[in-house]
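# Architecture and fold: a report
Listed here are the chains, written in short residue letters.
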Amino acid sequence: MAGFKAAFMNEAVKLLKKKKIMAAAILSILAVMIGQIAVTTIKHGLGLRIVGSAQFPIAVLTFVAYTILPLFAVFVAIDMFNGESASNTMKITLLRPVSRFGVFSAKVLNLALFIVGNLLFIMVLSLLAGFIFNPSSASLVGILKVIVSYGLTFFPVFVFALIVVLLSNVIQGGLAVFFLSILVYIGFNFLGIVFSSYSSFFITSMFDWYTLWISESINVFKICRQILIMSGCGIMLFTTGYYFFDKKDI
């Protein structure tokens, strides 16, 4: 554990120094601002209230979960593996008294924390915007639904990020991994639409699975099935990604 803690802290410091963190934060702020401007314009221009203070963060999440969040998860995953291999900093990390499994686990855990941090940042911003511009519709139940929705979004996005981690350890070039990740993302969405009966097997179709938890009628069977699918895919992707990382000549 001592070696793992050192590797984890090292990866956390490197992650905090990356410009991608700032870029993700700026784009998240812009997404919330643009969303609130659009809602305010419709409300005052047409006299319609399309979302309340608790519905606004969920509307922002619907947009962010399919755009900013997976995109920057891809960037961070590629930078953690392909970027460090290209700059030879991976060799320095592996020279320390820590196993390859410890280094791999530390990188994946930091990737997970990046996704959690991004979701938490967007949730706080969107909740504040909702309360400031529409405080009359605030409710405790609505806030709980927002927290549940943002928390549940972590799982499918993290599993998709593990796909990128796997590709990063199979393919050497970071640019090739990026374009392949985009193709996988588009392909999964396309297959999820064409084969709607099997959409649960395509991770990207579950980015909005939080709607199952906050709807009036909860489909317990479908929720359990998607939990098992995501858990199984996550375990297989983590294991396969580590296998290629362990066999990789660095």
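What counts and what doesn't
Within every chain, residues take consecutive numbers counted from 1 along the sequence as written. Thresholds applied to this predicted model are a pLDDT of at least 70 for local features of residues and 80 or more for the giving and counting of side-chain atom pairs; totals over whole chains, interfaces and linings are not thresholded and use all residues. Remark: hydrogens and water are excluded; side-chain values derive from all non-hydrogen atoms of the structure. For helices the rule is a DSSP run of H or I covering at least 4 residues; for strands it is a run of E covering at least 2, with both sets numbered from the N terminus onward. Burial here depends on accessible area, computed with a 1.4 Å probe over protein chains only, as a share of the maximum for the residue type. Under 20% is buried, over 50% is exposed, and the range in between is partly exposed. Residue contacts are counted whenever heavy atoms from the two residues lie within 4.5 Å of one another. Any N or O atom pair separated by 3.5 Å or less is treated as a polar contact, with the protein-specific requirement of one donor-capable and one acceptor-capable atom, and with residues adjacent in sequence counted only for side-chain atom pairs. UniProt positions are given in the numbering used here, feature names are shortened, and annotations may be inferred rather than shown by experiment. The criterion for an aromatic pair is that two Phe, Tyr or Trp rings (for Trp, the six-membered ring) have centres within 6.5 Å, with stacked assigned to planes under 30 degrees apart, edge-to-face to planes over 60 apart and tilted to the rest. Definition of nonpolar core: a set of buried residues of the types Ala, Val, Leu, Ile, Met, Phe, Trp, Tyr and Cys, connected through side-chain atoms within 4.5 Å. Excluding any residue in a salt bridge, patches collect residues exceeding 30% relative accessible area, merging like charges within 9 Å and nonpolar Val, Leu, Ile, Met, Phe, Trp and Tyr side chains within 5 Å. Here the open area of atoms and residues is found with the Shrake-Rupley method and a 1.4 Å probe, where only the protein chains shown may cover a residue. Definition used for salt bridges: Asp or Glu carboxyl oxygen within 4 Å of a side-chain nitrogen of Lys or Arg. Simply put, an axis is a line fit to the C-alpha atoms, just over the touching stretch for a helix, and the angle between two N-to-C directions goes from 0 to 180 degrees. Put simply, angles under 35 degrees are roughly parallel, angles over 145 are roughly antiparallel, angles from 65 to 115 are roughly perpendicular, and the rest are oblique. Throughout, a crossing is termed right-handed when the near helix is turned clockwise from the far one, and left-handed when it is turned anticlockwise from it by less than a right angle. Each residue gets one of three labels, nonpolar for Ala, Val, Leu, Ile, Met, Phe, Trp, Tyr, Cys and Pro, charged for Asp, Glu, Lys and Arg, and polar for the others, Gly among them.

- Under an unreviewed UniProt entry, the name given to the protein chain is ABC transporter permease, and the organism recorded is Paenibacillus roseopurpureus.

## Here we look at the overall build of the protein chain
- A count of helices and strands for the protein chain gives ten helices and zero strands.
- From first element to last, N terminus to C terminus, the protein chain shows the α and β order α-α-α-α-α-α-α-α-α-α.
- Each of the 250 residues in the protein chain was classed as buried or not, and the buried ones make up 44%.
- For the protein chain, long-range pairs separated by at least 24 residues make up 81% of all intrachain contacts whose partners lie at least 6 apart in sequence.

## Topic: the side chain of T204
- Following the sequence through the fold, T204 ends up in the loop between α8 (174-194) and α9 (210-214).
- Here the side chain of T204 touches N189 through a polar contact of 3.4 Å, landing on its backbone nitrogen.
- Aside from chain neighbours lying at most four places away, what touches T204 is Y66, F160, Y185, F188 and N189.

## Thoughts on the UniProt feature "transmembrane region" (unreviewed entry) in the protein chain
- Residues annotated by UniProt as "transmembrane region" (unreviewed entry) correspond here to residues 21-42, 54-81, 108-133, 139-167, 174-207 and 227-245.
- Overall, residues 108-133 shows 100% helix and 0% strand. The separation of its end C-alpha atoms is 38 Å.

## Brief notes about the packing of aromatic side chains
- What the rule picks out here adds up to 19 aromatic pairs.
- Geometrically, the ring pair formed by F154 and F158 is stacked, given 5.3 Å between the ring centres and 15 degrees between the ring planes. Of this pair, F154 and F158 both sit in helix α7 (residues 140-170), four residues apart, which is roughly one turn of that helix. Across the pair, exposure class does not vary: F154 and F158 are buried alike.
- Considering the side-chain rings of F160 and Y185, the 5.8 Å spacing of their centres and the 70 degrees angle between planes classify their relative orientation as edge-to-face. Taken together, the positions of F160 in helix α7 and Y185 in helix α8 put the pair 25 residues apart, joining distant regions of the chain.
- Residue classification places F160 among the buried residues on the basis of a relative accessible area of 2%.

## Observations concerning the nonpolar core
- With 67 residues, the main nonpolar core has I115, Y150 and F160 as its most contacted residues.
- Examining the composition of this core, we find that 15 residues originate from one element, α7, more than from any other.
- In this structure Y150 touches P57, V60, L61, L119, I122, M123 and S126, once residues within four positions along its chain are discounted.

## Points about a nonpolar patch on the surface
- A contiguous nonpolar patch, built from M22, I26, L27, I29, L30, M33, I34, I37 and F121 and spanning about 820 Å² of accessible area, is present on the exposed surface.
- Top contributing element to the nonpolar patch by residue count: helix α2 (residues 19-46), with eight residues.
- One can find I29 in helix α2.
- When its relative accessible area of 34% is taken as the criterion, I29 is described as partly exposed.

## With respect to the packing of helix α6 (residues 100-133) against helix α10 (residues 220-247)
- For the pair α6 and α10, the least separation of the axes is 10 Å and the interaxial angle reads 130 degrees. On the basis of their axis angle, the class for α6 and α10 is oblique. Pair α6 / α10 crosses with right-handed handedness. Along the contact surface, α6 presents R100, F101, V103, F104, S105 and V108, while α10 presents F238, G241, Y242, F245 and D246.

## Things to note about the side chain of S149
- With respect to the secondary-structure elements, S149 resides in helix α7.
- Among the residues examined, S149 registers a relative accessible area of 0% and is labelled buried.
- Discounting residues that sit within four places of it in the chain, S149 has contacts with I58, L61, Y210 and I214.

## Looking at the packing of α7 against α10
- At a minimum axis separation of 9 Å, α7 and α10 run at an interaxial angle of 20 degrees. Relative to α10, the element α7 is oriented roughly parallel. With respect to the hand of their crossing, α7 and α10 are arranged in left-handed fashion. Here F155, P156, V159, L162, I163, L166, N169 and V170 of α7 lie close against α10, whose contacting residues are M230, C233, G234, L237, F238, T240, G241, F244 and F245.
- Residues of the contact of α7 with α10, tallied by class, amount to 13 nonpolar, four polar and no charged.

## As for the environment of Y66
- Within the element layout of this structure, Y66 appears in the loop between α3 (55-64) and α4 (68-86).
- On the basis of relative accessible area, Y66 is assigned to the partly exposed category, the value being 25%.
- At 3.3 Å, the side chain of Y66 forms a polar contact with the side chain of D208.

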